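# Notes for the structure review
Each chain, letter by letter, is given below.
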Amino acid sequence: MSKRKSFRGDTLDEALSAACGGLGSRLEELHYDVVNNDGEKFVVEAEVDPVAVLGLFLSESFRAGDLEITAHLADREEALAGELQGGDLHLLTASGGRGLDALQYLCNRVLNRRLSDHRPVHLDSDGFKERRAHKLQERAEAAADEALRRGAPVTLGPLTPAARREIHLALADDPGGETDSDGEGFLTRIVIRPRRRRLHLCRPGDAGWPGGAGADPHQRRTGRGVCGARLSGPFLRWRLEN
């Protein structure tokens, strides 16, 4: 967050003008208090208000685009939250919310240029992102099942960074599938592959060797390995393990 700074002037207007110049902001973007008025000098302590900066940026952007959208902002502990409403909101939530994600990215860029430190901006509308996350999780799980069934990669996208993050998280602990990104920026796709199986070297008598320690009765009876293949020949064998 920005640090409060002191500014002086012969009048309140002069002190506030000095604050605007010193902080590179418009008056509407400042939070200030008059800390001294001794009849000779006015002293104000001022700082850039991130909520005010964000509110002005959004309202002016919607007005410039002739969009019927309003933003209700709240400075929360974990984020600067913006709840969007209006008749033109569908333009932002179409195509999986690409417009909403792009606007959120711009909001963060605006604050990055104005403040050295601020909480991230999160934009949403009536639980849209939660519903999207649920749909993306279902899509990711279906793609992972398809990759396992086909034994070949499945590609999703292109997807926004937020959507890609949801898919990566959805399959992070999936035992059968793993994810990679392919491409750059908003054209990046997600590639879902069957998770690679690990090869372990084992010797006769080891756990997993037919008839060895830890082998199940079926293996001891049939002399078949964990994949059902009959093992014979050399003393060293490769054992496939998921």
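Before reading on, note that the structure itself is shown above.
A few points on the structure.

Each value, and the rule that gives it
- Sequence positions are assigned chain by chain, starting from 1 and proceeding in written order.
- With the structure being a predicted model, the display of local features is reserved for residues of pLDDT at least 70 and the display and counting of side-chain atom pairs for 80 or more, all residues being used for whole-chain, interface and lining totals.
- Processing note: side-chain calculations cover all non-hydrogen atoms of the structure and skip hydrogens and water entirely.
- Working definition: helices are DSSP H or I runs of at least four residues, strands are E runs of at least two. Numbering for both runs from the N terminus.
- By this rule, a helix spans an expected 1.5 Å times one less than how many residues it contains.
- The rule is simple: take the accessible area with a 1.4 Å probe, protein chains only, and divide by the maximum for that residue type; under 20% is buried, over 50% is exposed, in between is partly exposed.
- Should any heavy atoms of two residues lie within 4.5 Å, those residues are counted as being in contact.
- Polar contacts, as counted here, are pairs of nitrogen or oxygen atoms within 3.5 Å of one another; within protein the pair requires one atom able to donate a hydrogen and one able to accept it, and residues that are adjacent in sequence qualify only if both atoms are side-chain atoms.
- When DSSP finds at least two bridges between two strands, those strands are taken to pair.
- With axes taken as lines fitted to C-alpha atoms, and helix axes fitted only over the stretch in contact, angles between N-to-C directions fall between 0 and 180 degrees.

## Remarks on helix H2 (residues 50-64)
End to end, H2 covers 21 Å across 15 residues, agreeing with the expected 21 Å (1.5 Å per residue, within 8%). Within the sequence span of H2, burial applies to Pro 50, Ala 52, Val 53, Leu 54, Leu 56, Leu 58 and Phe 62. On its buried face, H2 is in contact with strand S3 (42-48), strand S4 (70-75), strand S5 (80-85), helix H3 (90-114) and strand S6 (121-124). You can read the cap of H2 off the contacts: a side-chain oxygen lies 3.1 Å from the backbone nitrogen of Val 51, and it is on Asp 49. Note on H2: the residue one or two positions beyond its end, Asp 66, has a positive phi of about 55 degrees.

## Looking at the sheet that holds strand S8 (residues 177-182)
With respect to topology, three strands assemble into an open sheet ordered S7-S9-S8, the strand pairing being antiparallel. Two strands in the sheet have a free side with no partner beyond their single neighbour: strand S7 (154-156) and S8. Strand-to-strand twist of the sheet, defined as the mean angle between neighbouring strand axes without regard to direction, takes the value 25 degrees. Sheet topology note: the S8/strand S9 (residues 189-194) ladder contains six bridges and is antiparallel. Residue pairing across strands places Asp 182 opposite Arg 189, the latter belonging to S9. Helix H4 (residues 128-150) contacts S7 and S9 of the sheet and is inclined by roughly 45 degrees relative to S9.

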